[in-house]
Structures are given as C-alpha cells and as structure tokens.
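# Inside the fold
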Protein chains: 2
Amino acid sequence: MVEKSNIDVVERRRGSGVKLVYDILRDEILDLKLAPGSPVDEVLLAERFQMSRTPIREALVRLAGEGLIETLPNRSTLVSNIDLLNLNTYFDALVLMYRVTTRLAAQNHKPADLVAIRELHGQYAATVETRDLRDMIAVNAAFHLAIAEAGRNPYFTGLFRRLLDEGRRILRLYYNSYDEQFPQRFVDEHAEIIAAIERRDLDLADHLGKIHGEQIVEQVQRMFVRNQKLDIKL
Amino acid sequence: MVEKSNIDVVERRRGSGVKLVYDILRDEILDLKLAPGSPVDEVLLAERFQMSRTPIREALVRLAGEGLIETLPNRSTLVSNIDLLNLNTYFDALVLMYRVTTRLAAQNHKPADLVAIRELHGQYAATVETRDLRDMIAVNAAFHLAIAEAGRNPYFTGLFRRLLDEGRRILRLYYNSYDEQFPQRFVDEHAEIIAAIERRDLDLADHLGKIHGEQIVEQVQRMFVRNQKLDIKL
DNA sequence: TGCATTTTTCTTGTCGACAAGAAATATTTT
DNA sequence: AAAATATTTCTTGTCGACAAGAAAAATGCA
C-alpha cells in the first residue's frame, strides 16, 4: 500500500509554478482578498506555495509590470493602492474603450464571435438572478472582453482588459452599497449592444457602448458619494 | 599609482543591474539592433553584462511583459516579430491615441507642460536639420509623449508609449526609403498642435492630432507599398 | 540506405545560500 | 534624559550549481 505523506508535495510540471502563483495572486489582489497596501512577502509566499523564491519573484515581477504590486527597492513590496483621487481618468479611459471596442466589434465580428458573446450574455443574466456580485463582475468583464476580441484590435483589447481588472477592485470596494436594481437594466443594454453589433451598425454600437459605460460610471460615482457620506474609510 | 585591470568589473549599486539590462536591451530591440526573431541567450547576456543570470532573467521577464520578447517554454527566447500583416490595427490604435492625448492635453495642461513640449518641439526641429533618423524618431516620440503627459491620463499615456515604441521598430524597417521632404511638414504641424493646446481648443487639438496621425500612417503605408514593389524582404 | 531509438548537448527553470541595504532596536555619550 | 551612534534584524537582490526538457547528434537495426 502506498503511504501518503501528510504534507502534500505536489509534483508540478517544470515552469508551471510561476503561472500558478501569478494567477492566484492576481485573483486575490483583484478580489481584494489581499488589501491594497498590504505587504507581499517573498519568503512567506515561497512557504505557502512550497517552492523557492525564484519562481515567486518572477510572478511578482510580472504583477509589478501590470501595476498590481509596487516594489520599494531593498525594502518591501506592497499590493498597489487604488487611486481613488484620480477616478475620473479611469472612467475616461473606460468609457472610451467601451465605445471603441463595441464599434470595432460591429465592424469586424465573425459569426463565431456572436456565439461566444451570446453565451456570456446568457451567463450574465443567470448570475444576475443569483445576485452573486463576484460572479456578476467577472462574467460582465468576460462579456465585454469577448466583444473587444471580436473587434480584433489587440492594443485596445489589452488596455480594456486592464481597465476591467481595475474595475473589479473598485466595484468590490462598494460591495455593500451595491444597488440591486441596476443589473437588470444592464442585461437589457447588453442585448441592445449585441443587436447593434450583429446589424453592423457602427455608430449605434459606439453610442450604446458610450451610454452603457457612462451608466456604470454614474452608478459607481453615486456609490462613491454615498460611501463618503457614510464616512467609510477608503 | 592605481593599477587598472583590463577587465572592467564595474561596481554597481545593488538593484541597478536589472534596469541597466532592461534599458539597453529595450533600446537595442526598438532600434532593430537585435533583429526580430533573433535568439536572446541568457548565458551570453550574463557574460556580456558581467552578472549572473538572475538579474538578466528579471529584465527578460519585464521585456516579455511588454511583448518585446517571446519565451518558448524550456527552449529559447526570441525577439518578438513585427506583425506587418496587422499593421492596420496598429494604425487604428495609434491614430486614436494621437487624437485622445492631444485633446486631453488641450483640456488639462498646465504652464510647465507647455514649456516641456516647446523644448522638445525645438529639439525635433533641430534633429530634422541633421537628418538623423534615429534622433528624429526618438525626439518625435518624446514630443508626443510630453503632450500625452500633459493630458494627465496614465492609462492613455501607457498605451500611447507602447504604440510609439512599436513605431520605432516599424519606421526603422523603412529607413532607406524615408522620404526626406515630410519632416518639415511635421514640424509645422507640431507647431499648430501646440497652438491649439495652448488655446485649449479641444476639438481643434483632436482634429489636428487625427490629421497628424493619419499623415504618418499614410507615409508609412506608402513606404510599405514601395518596398513591396522593390521586393524587399520583410 | 532509411528509419527508429538512444545519447548527447544546449538552454531554460529551480534551488539553497549568502550579501547588501534599510529599518528597528540597543547602546553609548553628553 | 536626549541625541547620536552602533548593533541587530528583516527583507530583498545576487550568485553558482544543478535538474529538466527539448532539439540535435549519434547509434543501432532492418
């Protein structure tokens, strides 16, 4: 009979460790399981993931490249803070990317893209029913990313992905005050956007993307103001 | 008298090695001193820079994060190829960023920004006189980046920087067929852009940015076609 | 000779150990 | 007791060595 050690030393494929650590830490940062400003200790991570500091460090370098962590030379590395003072620059970029990606999707999409988009649209509608915020944020991001992919411009898709990631953190900040009525409206707007893309109506797609983006922005700003009034520390 | 070794073992500040390697390799890639597709050997680089593979690797991970090199797992790492088939998506993104950054600069600039922009404008005019293409490309990029900085949206600035970097590589491909008449026109257009920014005329700045971007695109496309006719391998 | 298989080589991926830098703590000096 | 200085501690940065994986070369076999 094979003896099973109580410490799981998992056999990993060479090279997979970095991706594992990167993916997990990235999710934990974006879901605010790791609070902004909290320290990221290489030695602790090495113990936690049962590997040496080298692959841990590589994952951290990648995360730093995306701005998710910050490295203070010779001292420590921290989870990046969310810059709430410059939220407007974030919103500017987000709305423009909503417009551009939706417009390009109307222009460049192929039939297979619409299948994928509709699939995610259905998933989003389902998560709205369950009222699970984490799923809603994730599926909504995936839905809009699928539209961006259909637009076939990797430069825009890349920036959009980063903006949606940052949005995961921002939305999570407002978890409690999340207004439960607006998701249904978003489902309808998503449907309109899909229709415009399918009809290849570039200007309408652009316009709907703009409205949709601006409504999300407005919603977040309202939550922001309300939280400030409630004196919630950010 | 102090004896000087013929091997320069330079005393470096701890942590500076990565930045050194990163900066040099980045420049060499963007100036096409390292040809797209050519191998990047960690051991060779370690010997060249007189340091161990660890900091070399960290620099390479960062370059990979920006898409400048590609890593084939367990095998080799290469300088990324320039995707000439999808040039149009590149141009789409570039023109939009020209527009957006110029518009935002008109909206958000402060007096100090204009000083910096004008300084680079002067430098650009000077490099046009010398007809040194490498300087022209670099200073032109710096000029437009300064405008982007004045727009104060780091998301746009980041994407724009990457696009201008990629442009360094693309322009260098066409070095020989570079048309010597258009730089002077660009100097004049730069002056118009500065004036629009100073007047805070958002729509005009946007429009001029668009025209300027499209003219660069047109120029590159013309060179592209001419090179294809001449049967130059790309 | 032509093809499959084994061996070698070459490059990357991972490790454990040590050094350097900065902050925190302890010590000395006035 | 307060300030300056020395020491310790803690985390990151770098190193040299070795292992793993894949391609290339060499070998064996029909």
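Quantities reported herein were computed from a predicted structural model and do not represent experimental measurements. (Residues numbered from 1 in each chain as written. Chains lettered and ligands numbered in written order. Predicted model: local features only at pLDDT ≥ 70, side-chain atom pairs only at ≥ 80, totals over all residues. Heavy atoms only, no water.)

### Here we look at the environment of Pro 55 of chain B
All names here are of chain B. To be explicit about the condition: Only DSSP runs of H or I with at least four residues qualify as helices, and only runs of E with at least two residues qualify as strands; both kinds are numbered from the N terminus onward. Only protein chains enter the calculation, and the probe is 1.4 Å; a residue is then buried if its accessible area is under 20% of its type maximum, exposed if over 50%, and partly exposed in between.
For Pro 55, the position within the fold is in helix H3 (residues 53–65). Exposure remark for Pro 55: the relative accessible area of 18% places this residue in the buried category. For the pair Pro 55 and Leu 20, spaced 35 residues apart in sequence, the C-alpha to C-alpha distance is 9.8 Å.

### Observations concerning the interface of chain A and chain B
Buried accessible area, meaning the area lost when the parts come together, often serves as the stated size of an interface. Cut-off, in case you're wondering: Only heavy atoms enter the contact rule, under which two residues are in contact if any of them lie within 4.5 Å. The buried area of a pairing is the accessible area, by a 1.4 Å probe, that goes missing from both parts when the two are put together, added over both. For this analysis, a salt bridge means a side-chain nitrogen from Lys or Arg found within 4 Å of a carboxyl oxygen belonging to Asp or Glu.
On the chain B side, the residues contacting the 21 residues of chain A number 21 residues. Across the interface of chain A and chain B, roughly 1,700 Å² is buried in total on both sides, 66% from carbon and sulfur atoms. Looking at the side of chain A facing chain B, the largest losses of area belong to Val 61, Tyr 155 and Phe 156 of chain A, adding up to 29% of the total buried there. Counting across the chain A and chain B interface gives 2 salt bridges. Across the salt bridge formed by Arg 57 of chain B and Glu 58 of chain A, the nearest N and O atoms sit 3.2 Å from each other. Mapped by element, the contributors of at least two residues to the side of chain A that touches chain B are helix H3 (53–65), helix H4 (87–108) and helix H7 (154–173) of chain A.

### Some points on helix H1 (residues 16–30) of chain B
Given 3.6 residues to a turn, an α-helix orients residues that are three or four positions apart in the same direction. The test is simple: Every helix has an expected span of 1.5 Å times one less than the residues it contains.
Between the first and last C-alpha of H1 of chain B there are 21 Å, a value that for 15 residues agrees with the 21 Å anticipated at 1.5 Å per step. Of the positions making up H1 of chain B, those classed as buried are Gly 17, Val 18, Val 21, Tyr 22, Leu 25, Arg 26, Glu 28, Ile 29 and Leu 30 of chain B.

### Re the packing of helix H2 (residues 42–49) of chain B against H3 of chain B
Residue and element names in this part refer to chain B. Test applied: The convention used is that axes are lines fitted to C-alpha atoms, helices contributing only their stretch in contact, and that angles between N-to-C directions extend from 0 to 180 degrees. Reported orientations rely on four angle classes, namely roughly parallel under 35 degrees, roughly antiparallel over 145, roughly perpendicular from 65 to 115, and oblique for the rest. In this scheme the handedness of a crossing depends on how the near helix is turned from the far one: anticlockwise by less than a right angle means left-handed, clockwise means right-handed. Side-chain classes follow a simple rule in which Ala, Val, Leu, Ile, Met, Phe, Trp, Tyr, Cys and Pro form the nonpolar group, Asp, Glu, Lys and Arg form the charged group, and the remainder, Gly included, forms the polar group.
Axis separation between H2 and H3 bottoms out at 9 Å; the angle between their running directions is 115°. Between H2 and H3, the crossing angle belongs to the class labelled roughly perpendicular. For the element pair H2 and H3, the recorded crossing hand is right-handed. Contact residues: Glu 42, Val 43, Leu 45, Ala 46 and Phe 49 in H2; Arg 53, Ile 56, Arg 57 and Leu 60 in H3. When its residues are assigned to classes, the contact of H2 with H3 shows 6 nonpolar, no polar and 3 charged.

### Quick word on the pattern of salt bridges
For the structure shown, the criterion picks out 37 salt bridges over all chains. One salt bridge connects Arg 172 of chain A with Asp 31 of chain A, and the closest N-O pair in it is separated by 4.0 Å. With a gap of 141 residues between them, Arg 172 of chain A in helix H7 and Asp 31 of chain A in the loop between helix H1 (16–30) and helix H2 (42–48) connect regions that are remote in the sequence. Across the pair, Asp 31 of chain A and Arg 172 of chain A agree in class, each one buried. Between Asp 203 of chain B and Arg 103 of chain B there is a salt bridge, with the nearest N and O atoms lying 2.6 Å from each other.

### Topic: the relation of the copies chain A and chain B
What counts here: Copies overlap after least-squares fitting; the atoms used are the C-alpha atoms of residues with pLDDT of at least 70 in both.
With an axial shift of 0.1 Å and an RMSD of 0.1 Å, the rotation relating chain A to chain B amounts to 180°. Such a turn and shift between the copies fits a two-fold axis. An overlap of 100% is found between the interface residues of chain A and their copies at the interface of chain B, pointing to a shared contact surface.

### Things to note about the protein's contact with DNA strand C
For clarity, the threshold we go by: One heavy atom suffices: a residue is near a molecule or strand as soon as one of its heavy atoms comes within 4 Å of it. Between N or O atoms, a polar contact is any pair within 3.5 Å; within protein, one atom must be a potential hydrogen donor and the other a potential acceptor, and residues adjacent in sequence are included only when both atoms are from side chains.
Lining the immediate surroundings of DNA strand C are 21 residues, of which Arg 14, Ser 52 and Thr 54 of chain A together with Arg 53 and Arg 57 of chain B lie closest. Looking at DNA strand C alone, sugar and phosphate atoms form 66% of those within 4 Å of the protein. One of the side-chain nitrogen or oxygen atoms of Arg 14 of chain B is found 3.1 Å away from a sugar or linking oxygen of DNA strand C. A distance of 3.3 Å separates a phosphate oxygen of DNA strand C from a polar atom in the backbone of Glu 42 of chain B. The set of elements that each furnish at least two residues to the surface near DNA strand C consists of H3 of chain A together with H2, H3 and strand S2 (76–79) of chain B. Of the residues forming the surface near DNA strand C, the biggest block, 3 residues, is contributed by H3 of chain A.

### Points about the protein's contact with DNA strand D
In the neighbourhood of DNA strand D, 21 residues make up the surrounding shell, with Arg 53 and Arg 57 of chain A together with Arg 14, Ser 52 and Thr 54 of chain B lying closest. Interatomic distance of 3.1 Å between a side-chain N/O atom of Arg 14 of chain A and a sugar or linking oxygen of DNA strand D. Within the backbone of Glu 42 of chain A, a nitrogen or oxygen atom sits 3.3 Å from a phosphate oxygen of DNA strand D. Of all the elements in the fold, those that place two or more residues in the surface near DNA strand D are H2, H3 and strand S2 (76–79) of chain A together with H3 of chain B. It is H3 of chain B that provides the largest number of residues to the surface near DNA strand D, a total of 3 residues. Broken down by class, the residue content of the surface near DNA strand D amounts to 5 nonpolar, 7 polar and 9 charged.

### Focus on the packing of aromatic side chains
Defined as follows: What counts as a ring pair is set by centres within 6.5 Å for rings of Phe, Tyr and Trp (its six-membered ring), and what kind of pair is set by the plane angle: stacked under 30 degrees, edge-to-face over 60, tilted for all other angles. Note on geometry: a ring has a charge over it if NZ (lysine) or CZ (arginine) is within 6 Å of the ring centre and within 35 degrees of the ring normal.
The full count for this structure, using the stated rule, is 6 aromatic pairs over all chains. Geometrically, the ring pair formed by Tyr 98 of chain B and Phe 160 of chain B is edge-to-face, given 5.4 Å between the ring centres and 75° between the ring planes. Taken together, the residues span a long stretch of sequence, with Tyr 98 of chain B in helix H4 (residues 87–108) and Phe 160 of chain B in helix H7 (residues 154–173) at a distance of 62 residues. Both residues of the pair, Tyr 98 of chain B and Phe 160 of chain B, belong to the buried class. Positioned above the aromatic ring of Tyr 22 of chain A is the side chain of Arg 62 of chain A, whose terminal nitrogen or guanidinium carbon lies 4.5 Å from the ring centre.

### Concerning the confidence of the model for chain A
The condition that has to hold: Residue-level confidence of the predictor is summarised by pLDDT, bounded by 0 at the bottom and 100 at the top.
Averaged over all residues, the pLDDT of chain A is 89; the fraction at 70 or higher stands at 88%. Under a pLDDT of 50 for its full length, residues 1–7 of chain A has, in the predicted model, 0 contacts with residues more than four places off or in other chains.

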